[in-house]
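# Structure assessment
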Amino acid sequence: QQPVQSPQAVILREGEDAVINCSSSKALYSVHWYRQKHGEAPVFLMILLKGGEQKGHDKISASFNEKKQQSSLYLTASQLSYSGTYFCGTASGAQKLVFGQGTRLTINP
Amino acid sequence: GAVVSQHPSWVICKSGTSVKIECRSLDFQATTMFWYRQFPKQSLMLMATSNEGSKATYEQGVEKDKFLINHASLTLSTLTVTSAHPEDSSFYICSARGPDSNQPQHFGDGTRLSIL
């Protein structure tokens, strides 16, 4: 079952914050976040493995609410380089990931 | 960081041709490789999972005789689109990962396949 991401698209001005949510109808084993720029390969951002876990580097962080079967990605003081499509990938025990439909983030100067 | 190389980057060929796409992990042992298909502005749809030395596991609806996957070594997996037709035109991306399912997948740059 494909996880659901929200919102589908976001337009921000440089310096603004954004939150991208990822929800699953199944119990989650882990959540992976990737960013893909147009015509390029997805780039790994981070993995969350445990309920309640929070991670971050630079100004991008994420949380994993295992009980709610959801994860959120937080981008603070956004930069132009943050533009792209963000995908969450969820694993429910098997080795494969199922990716959400993506959230298109546009950062304007 | 881990590097995955995918070739070719793009290919244009006539209908009926078979096309082979290579995916190589350059600096780590890829126990597991994944092949995805992505349509414009859409998500990554998993086609198959391959473990080194084993037969690939195909997702429901993916024809195994159409999309042949070989993962003969810890650094190389290939996807062959046999007798390709225009409806097979798409962006194909591979990813590779080590033995632990908690490790990240590292993606190749993708192959844009156009069948005339």
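Scroll up to find the structure.
Residues numbered from 1 in each chain as written. Chains lettered and ligands numbered in written order. Predicted model: local features only at pLDDT ≥ 70, side-chain atom pairs only at ≥ 80, totals over all residues. Heavy atoms only, no water.

## Some thoughts on unusual backbone geometry
Trans peptide bonds make up most of the peptide bonds, and negative phi angles are found at most residues other than glycine. Residue and element names in this part refer to chain A. In this structure, P7 follows S6 across a cis peptide bond, with omega equal to -5°. Within the secondary structure, P7 sits in the loop between β1 (4-6) and β2 (9-13). One non-glycine residue, Q69, lies in positive phi territory at about 55°. The phi dihedral of A77 is positive, around 45°, even though this residue is not glycine. Checked against the element boundaries, A77 lands in the loop between β8 (70-75) and β9 (84-91). (Helix = DSSP H or I, 4+ residues; strand = E, 2+ residues; numbered from the N terminus.)

## As for the sheet that holds β8 of chain A
Residues and elements named next belong to chain A. Strand order across the open sheet formed by five strands is β1-β3-β8-β7-β6, with antiparallel pairing between neighbours. Because the sheet does not close on itself, it has two edges, and the strands there are β1 and β6 (54-57). If you compare each strand with its neighbour and ignore which way they point, the axes differ by 15° on average. Bridging between β1 and strand β3 (residues 18-23) involves three bridges; their strand directions are antiparallel. The residue of β3 that forms the bridge with V4 is S23. (Pairing = 2+ DSSP bridges. Axes fitted to C-alpha atoms, helices over the stretch in contact; angles between N-to-C directions.)

## Re the environment of K59 of chain A
Residue and element names in this part refer to chain A. Inspection of the secondary structure assignment puts K59 in the loop between β6 and β7 (60-65). Note on K59: relative accessible area 39%, which makes it partly exposed. Here the alpha-carbon distance between K59 and Q70, two residues 11 residues apart in the chain, equals 20 Å. Sequence-distant contacts of K59, defined by excluding residues within four places in its chain, comprise Y74, L75, T76, A77, Q79 and Y82. (Buried < 20%, exposed > 50% of the residue type's maximum accessible area, 1.4 Å probe, protein only. Contact = heavy atoms within 4.5 Å.)

## A few points about the nonpolar core
All names here are of chain B. Formed by 24 residues in total, the largest nonpolar core has its most connected members in W35, F67, I69, L79, Y92 and L113. Elements supplying a minimum of two residues to this core: β2 (10-13), β3 (19-25), β4 (32-38), β5 (44-51), β7 (67-73), β8 (76-81), β9 (90-97) and β11 (111-115). Apart from residues lying up to four places away in sequence, I69 is in contact with W35, A48, S50, A56, Y58, S77, T78 and L79. (Core = buried A, V, L, I, M, F, W, Y, C linked by side-chain atoms within 4.5 Å.)

## Examining the environment of P104 of chain B
Take P104 of chain B: it is sitting in the loop between β9 and β10 (106-107). Sequence separation between P104 of chain B and A2 of chain B is 102 residues, and the spatial gap between their C-alpha atoms is 9.7 Å. Contacts of P104 of chain B, omitting those with residues within four sequence positions, involve H32, Y34, F44 and I47 of chain A together with A96 and R97 of chain B.

## Here we look at a nonpolar patch on the surface
On the surface, W10, I12 and L116 of chain B cluster together into a nonpolar patch covering about 400 Å² of accessible area. With respect to the helices, strands and loops of the structure, I12 of chain B is situated in strand β2. (Patch = residues over 30% accessible without salt bridge, like charges linked within 9 Å, V, L, I, M, F, W, Y side chains within 5 Å. Areas by Shrake-Rupley, 256 points an atom, 1.4 Å probe, with all protein chains shown as cover. Salt bridge = Lys/Arg side-chain N within 4 Å of Asp/Glu carboxyl O.)

## Quick notes on the sheet that holds β7 of chain B
The pairing of strands in a sheet comes from backbone hydrogen bonds and takes either a parallel or an antiparallel form. Residue and element names in this part refer to chain B. Read across the sheet, four strands follow the order β1-β3-β8-β7 without closing on themselves; strand pairing throughout is antiparallel. Edge positions in the sheet fall to β1 (4-7) and β7, since each has one partner strand and no second. Averaged over all pairs of adjacent strands, the angle between their axes in this sheet comes to 15°, without regard to strand direction. As paired elements, β3 and β8 share six bridges and run antiparallel to each other. Across the sheet, residue E22 finds its bridge partner in β8, namely T78.

## Quick word on the pattern of salt bridges
Summed over the entire model, instances satisfying the criterion amount to three salt bridges over all chains. Its salt-bridge partner being E59 of chain B, residue K96 of chain A comes within 2.8 Å of it at the nearest N-O pair. Separated into two different chains, K96 of chain A in the loop between β9 and β10 (98-99) and E59 of chain B in the loop between β6 (57-58) and β7 make up a pair that spans both. Under the relative-accessibility criterion, K96 of chain A is labelled partly exposed at 28%. The partner of D88 of chain B in a salt bridge is K66 of chain B, with the nearest N and O atoms 2.7 Å apart. In this pair, D88 of chain B sits in the loop between β8 and β9 while K66 of chain B sits in the loop between β6 and β7, placing the two residues 22 residues apart along the sequence. A residue is classified by how much of its surface remains accessible, and D88 of chain B, at 5% relative accessible area, is buried. You can call K66 of chain B buried: its relative accessible area is 12%.

The values are spatial; any link to function lies outside them.
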